[in-house]
Amino acid sequence: MPTARVLRWLRSRFPLYVLIFLFVAFAAFPFYWMTITTFKQDEDLFHVATDSKYNPYRFNLPPTLSHLKQLIFETPYFTFLRNTLFVGLLVVAITLLISVPAGYSLARLLGRWGEQLGIGIFLTYLVPPTLLFIPLARLIALLGLSDTLWSLVLIYPTFTIPFCTWLLMGFFKSIPKDIEEQAMVDGHSRLGAILKTVLPLSLPGLLTVVIFSLTLVMQEFVYALTFINAVGKMTLSLGVPIALVHDVYRWGPLMAAVLISSIPVAILYNLFLDRFIAGFTGGAVKG
Amino acid sequence: MEAAREIPRARYRYLLDRERLLGPLLISPAIGYILLLIGLPLLLAIYLSFTNAISGQLSAQFVGLKNFQTILADPLFFQALKNTFIFTSISMLIVLILAKVLALTLLKSFPGRPIVRFLILLPWVAPISLTTLSWDWVLGASNATLSTINWTLRAVGILGPQDWIWWTSYTTPAMAAIILIQVWRLLPFATIILLAGLTSIPQDIQDAATVDGAGFWRRLFEIILPLMLPIVAVAVLFGIIFTATDMTVVYILTRGGPYNSTHVLASLAWQRGIFGGQLGQGAAIAIFLFPLLLIVAFFMLRLARRTEVA
Amino acid sequence: MAIVEARDLKKYFGKVRAVDGVDLFVQDGEFLVLLGPSGSGKTTLMRMIAGLEQPTAGEILIGSQVVNNLPPRVRKIAMVFQSYALYPHKTAFDNIAFPLRAQGLGLKVIYEKVNWAANLLGIAHLLRRKPRELSGGERQRVALARAIVREPSVFLLDEPLSNLDAKLRHAARDELKRFQRSIGTTTIYVTHDQIEAMGLGDRIAIMNEGKVRQIGTPYEIYHEPADTFVATFVGTPPMNLIARAERLIGFRPESFLPKEIYNAHEDLVSFSFHVRRVEHLGSDRLLYGSLTGKEESPVIAKLPLTVSIPIQEGGNYEFAVRQRDLKFFSPQTSQRTEEES
């Protein structure tokens, strides 16, 4: 009896699917909404005000690319994007330069001490920007970096370094010690062994750090809000909600900006999710 | 023989073979960065809270507890303190319950699971300042007549034809909206962490408990929950930090309004310290987040120590 | 080729004395096995010789030169780890070529040497594979090839056979020994497996609790143990030790046989043996029981298949040991003492 089987299957699976649907709808709704907004004509967007028969969930008029065009040609969106990439790449470079040796040192060279120090460094990741933006504003002013991208380049590593050092420490620990000792017996110094064996083997870890730093930079808002005033110096996460918003909200281009800025970050992050989780949960999972 | 010949030529390189030297050498840039740009500012924050420093002027006088007297006499401060507490506790409570349900749901395999996972994760991975803006649009925070939510509530008959929810014009809906966004954003994070905890419980242990005659509830309360406790703690501790210290949602959605009724400590500190230029007062407000941080750090450390022992 | 020497070598990890005053002299071309239970300090000793650990005190000499302050790379040693430590991101060829590249040799020389080593070990056809595509035995050969390719003066091998399955281990042991003889490089080999040690070593150094208890040929170690630790550590089942008249008397289970199988004129010491349990192991019978007398002491007898006398569990039998197979130890120092006078 295929129908009975289908029914039984439905009955056992149905609640699960309803639950999943509800959660997905909740999580993804704003993204659905920004997508449909991006491609709707203005007339279609603003009709909802007056007519409860007028279904806003679908295209009532043909979709349009005009909002995207407006965003690209009439707003400083590309300036924001360029600034974000500039800060992002420099922050990634600084993070790698500092976290790789630090993570290695914690994992291999400092012994029992390294464990404690590692936890200490990780804890500094918990110090929120909220506690620091006031003194840092002072510091940035003292250094003459106010309203420059360099202020962000200098400050963003304060949250990428602790987390990435922690991530890399875990990564380096997972590489068998024998292999670098072998490289040392085979004729390399400790540094040579790191360069020839440890780094190539931890390529996935390094990539994770790159992505993580990049996404953190793209998400950061508070420091950027504090240090940057000039529209020409803003990053995406700051510029879009602050400088693209005027008295009359131009929701079409605005949602287009949100959409095309969020989705790449989301995809990148999703690819490396499992490693981030391992970092967040630290030893607790293995416990 | 050959080793003997190499000694003088390469002696300086032997320094880098010494682990006692190499270890501290490699870690020192990180420690330096952290001390200089986290440690020092933290001390500076405490110092500033005792001065009358204002932005744009580098000199500042020590004024003792004056800043604290000012903010403690300010009802707005207590409002912000209360809001911080309300937003954090309510959203954490909702997040934990929903995350537990969602994690148990996602534990089962079903077709399309990777896509579902991606969609459910979106709120966590997309920049919050941008997604808050899209919530502004969904809710019609800036213009209730454009609110999809209002339209939908009307379509299903909850709202009458002439009823409008002006989401950010009144305190209660504004606070509800802020909590909604915090829940929305933290849910994926908490779910994924709980999921990691669930999958990390060895099947052996569950099987052993089943063989020992434990039913589902006994397994849940005596095996699964105790084993997951460290993980739940991680999710809660991070969640608290993320919510209690966040000012992005409040800043973009309400700017603390209406009538400063939705300020949290972080946004109030920003308002006073950066926007208003009263660095000393801003620092004094932000300092109140410090005990919270210490508590969280304390539990994190205990957690780390406990898992180390195990 | 080189002589390896350790002089009063010590390594403390905090309060733990991993290596506690070791003197060792390894001859040029010798195959020396460091044998001991886990935690006896044998691996730490080898790692100090390799330069991977810094001694707390004492000296290490390779080729009569003190190498304490030299990093591993200039000690002219090659090491094979228990895990083989093959570089997982490199092919077999690149693994073997790795030490040569570190020396900065030319491409042509590297190519020739790698091929020479690969042919010697019969892995020329595997050179393009990565470690994960190789079997356990093949990995071991790649690790060995990498060790010999730079023609080191000393080989250090840390339990290189322990990851192979039992069948392969026999063949690999034989091959390793022949290989070492043919190239004649001084070799130090760490293991906790006494069969491996007996089979491979020219001499064996038995270690326990950071100290070398005895150094000698396999024959000496087995037949003339220096103390009760060596006596009971080497040999399965271990040597029987019984307390008699202020002394410990030791004899091997296989020298403890029914009295009737000895020739009448042999100089025997006999015991009354109560057999509690009999194990049939195919080639041998193991008898577990105790000597009856003033003090009951548990002993084990190992009868070869050729002794077909029926033995019942629970029975009492007259067993005997040749006088010359008895070893005497001082119960205070556990050292060997003079033979019966």
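**Here we look at the overall build of chain B**
Consideration 1: Across its full length, chain B holds 14 helices and zero strands.
Consideration 2: Here chain B holds 310 residues, and the buried ones make up 43% of them.
Consideration 3: Residue pairs in contact within chain B that sit at least 24 positions apart in sequence constitute 67% of those at least 6 positions apart.

**Digging into the pairing of strand 6 (residues 77-80) of chain C**
Remark: a regular strand shows side chains that alternate across the two faces of the sheet.
All names here are of chain C.
Consideration 1: Residues of strand 6 alternate between two faces, with I77 and M79 on one and A78 and V80 on the opposite face, all of them buried.
Consideration 2: Sheet analysis places strand 6 next to strand 7 (residues 154-158), joined by four bridges and oriented parallel. Bridge assignment links A78 to a residue of strand 7, and that residue is F155.

**Section: the nonpolar core**
As a rule of thumb, soluble globular proteins bury nonpolar side chains together.
Consideration 1: With 258 residues, the main nonpolar core has A286(B), L34(C), I96(C), A145(C), L156(C) and I188(C) as its most contacted residues.
Consideration 2: When residues in this core are grouped by element, the largest group, 15 residues, is from helix 8 (residues 171-200) of chain B.
Consideration 3: Residues contacting I188(C), with those up to four places away along its chain left out, are V4(C), V26(C), L32(C), L34(C), M46(C), I49(C), V154(C) and L156(C).

**Observations regarding the confidence of the model for chain B**
Consideration 1: Considering every residue of chain B, the mean pLDDT works out to 83; 92% of them sit at 70 or more.
Consideration 2: In the predicted structure, residues 1-9 of chain B sits below a pLDDT of 50 and forms nine contacts with residues beyond four places in sequence or in another chain.

**Let's talk about the interface of chain C and chain A**
Consideration 1: Counting residues at the interface gives 18 residues for chain C, matched by 14 residues for chain A.
Consideration 2: Looking at the side of chain C that touches chain A, the element that brings in the most residues is helix 2 (residues 92-103) of chain C, giving four residues.
Consideration 3: Among the residues forming the side of chain C that touches chain A, the class breakdown is 14 nonpolar, three polar and one charged.

**What to know about the sheet that holds strand 6 of chain C**
All names here are of chain C.
Consideration 1: Overall, mixed pairing links the six strands, which are arranged 6-7-8-3-9-10 in an open sheet. The sheet is open, and its two borders are formed by strand 6 and strand 10 (211-216), each paired with just one other strand. Pairwise comparison of adjacent strand axes, ignoring direction, gives a mean angle of 20° for this sheet.
Consideration 2: Pairing analysis gives four bridges linking strand 3 (residues 31-35) to strand 9 (residues 203-208), with the strands arranged parallel. Note that in strand 9 the partner of V33 across the bridge is I204.

**Quick notes on the interface of chain B and chain A**
Consideration 1: Residue-level contacts link 88 residues of chain B with 84 residues of chain A.
Consideration 2: In terms of residues, the side of chain B that touches chain A owes the most to one element, helix 2 (residues 19-48) of chain B, which gives 16 residues.
Consideration 3: Along the lines of polarity and charge, the residues of the side of chain B that touches chain A split into 66 nonpolar, 16 polar and six charged.

**What about the sheet that holds strand 13 (residues 257-258) of chain C?**
Strands in a sheet are paired, the pairing made by backbone hydrogen bonds, and the direction either parallel or antiparallel.
All names here are of chain C.
Consideration 1: One open sheet accounts for five strands, arranged 13-17-14-15-16; its pairing is antiparallel. For this open sheet the edge positions go to strand 13 and strand 16 (297-304), each flanked by a neighbour on one side alone.
Consideration 2: Two strands pair when backbone bridges link them, and strand 13 and strand 17 (residues 316-322) are joined in this way by two bridges, in the antiparallel orientation. Within strand 17, the residue paired with L257 across the bridge is A320.

**Topic: helix 10 (residues 216-244) of chain B**
Residues and elements named next belong to chain B.
Consideration 1: Spanning 29 residues, helix 10 covers only 36 Å between terminal C-alpha atoms, well under the ideal 42 Å at 1.5 Å per step.
Consideration 2: Considering bend angle alone, the principal kink of helix 10 is centred on L229 and spans about 50°; proline P230 follows within four residues of it.
Consideration 3: All of the buried residues along helix 10 are M228, P230, I231, V234, A235, F238, G239, I240, I241, F242, T243 and A244.

**A short note on the environment of T210(B)**
Consideration 1: Note that T210(B) resides in helix 9 (residues 203-211).
Consideration 2: In the structure, T210(B) is positioned 27 residues away from L237(B) in sequence and 32 Å away in space, judged by C-alpha atoms.

**Examining the environment of S169(B)**
Residues and elements named next belong to chain B.
Consideration 1: Topologically, S169 is positioned in the loop between helix 7 (148-155) and helix 8.
Consideration 2: Since 14 C-beta atoms lie within 10 Å of it, S169 is described here as partly exposed.
Consideration 3: Taking the C-alpha atoms as reference, S169 lies 10.0 Å from N143; in sequence the two are 26 residues apart.

**Digging into helix 6 (residues 129-142) of chain A**
Because the α-helix completes a turn every 3.6 residues, residues three or four places apart line up on one side.
All names here are of chain A.
Consideration 1: The terminal C-alpha atoms of helix 6 lie 19 Å apart, and with 14 residues this matches the ideal 20 Å at 1.5 Å per residue to within 8%.
Consideration 2: At P135, helix 6 is bent by approximately 35°, the largest bend along its length.
Consideration 3: Among the 14 residues that make up helix 6, 11 are buried, leaving the element largely enclosed by the rest of the structure.
Consideration 4: Listing the buried residues of helix 6 in full gives P129, T130, L131, L132, F133, I134, P135, L136, A137, R138 and I140.
Consideration 5: One or two residues past the end of helix 6 sits G144, with phi positive at roughly 70°.

**What about the pairing of strand 1 (residues 4-13) of chain C?**
Residue and element names in this part refer to chain C.
Consideration 1: One ladder, built from eight bridges, connects strand 1 with strand 2 (residues 16-26); its direction is antiparallel. Across the sheet, residue E5 finds its bridge partner in strand 2, namely F25.
Consideration 2: Joining the antiparallel neighbours strand 1 and strand 2 is a turn of two residues, in which G14 adopts a positive phi near 60°.
Consideration 3: Sheet topology places strand 1 next to strand 4 (residues 57-62); five bridges connect them, and they run antiparallel. Residue pairing in the sheet places A6 in a bridge with I60 of strand 4.

**Thoughts on the packing of helix 2 of chain C against helix 3 (residues 107-121) of chain C**
Residue and element names in this part refer to chain C.
Consideration 1: One can describe the packing of helix 2 onto helix 3 by two numbers: an axis separation of 10 Å at closest approach and a directional angle of 125°. With respect to each other, helix 2 and helix 3 are oriented oblique. Where helix 2 crosses over helix 3, the two elements pack in a sense that is right-handed. Residue-level contacts link F93, I96, A97, L100 and R101 of helix 2 to I110, K113, V114, A117 and A118 of helix 3.
Consideration 2: When the residues that make up the contact of helix 2 with helix 3 are grouped by side-chain class, the tally is eight nonpolar, no polar and two charged.

**Details of the packing of helix 6 of chain A against helix 12 (residues 265-275) of chain B**
Consideration 1: Look at helix 6 of chain A against helix 12 of chain B: their axes get within 9 Å of each other, and the N-to-C directions meet at 10°. Looking at the two axes, helix 6 of chain A sits roughly parallel to helix 12 of chain B. On helix 12 of chain B, the residues that touch T130(A), F133(A), I134(A) and A137(A) of helix 6 of chain A are A266(B), A269(B), W270(B), G273(B) and I274(B).
Consideration 2: Of the residues contributing to the contact of helix 6 of chain A with helix 12 of chain B, the split by class is seven nonpolar, two polar and no charged.

**Describing unusual backbone geometry**
Residue and element names in this part refer to chain C.
Consideration 1: Here the residue pair T236 and P237 is connected by a cis peptide bond, since its omega of -15° sits within 30 degrees of zero.
Consideration 2: Phi angles above zero are rare outside glycine, and S64 is one such case at about 55°.
Consideration 3: Inspection of the secondary structure assignment puts S64 in the loop between strand 4 and strand 5 (65-66).
Consideration 4: For E209, which is not glycine, the phi torsion reads 50° and is therefore positive.

Analysis parameters
- Residues numbered from 1 in each chain as written.
- Chains lettered and ligands numbered in written order.
- Predicted model: local features only at pLDDT ≥ 70, side-chain atom pairs only at ≥ 80, totals over all residues.
- Helix = DSSP H or I, 4+ residues; strand = E, 2+ residues; numbered from the N terminus.
- Buried ≥ 20, exposed ≤ 12 C-beta atoms within 10 Å, placed from the backbone.
- Contact = placed C-beta atoms within 7 Å.
- Pairing = 2+ DSSP bridges.
- Core = buried A, V, L, I, M, F, W, Y, C linked by C-beta atoms within 7 Å.
- pLDDT = per-residue confidence, 0-100.
- Nonpolar A, V, L, I, M, F, W, Y, C, P; charged D, E, K, R; others polar.
- Axes fitted to C-alpha atoms, helices over the stretch in contact; angles between N-to-C directions.
- Expected span 1.5 Å × (residues − 1).
- Bend = angle between axes of the 7 residues up to and from the residue.
- Parallel < 35°, antiparallel > 145°, perpendicular 65-115°, else oblique.
- Left-handed = near helix turned anticlockwise from the far one by under 90°.

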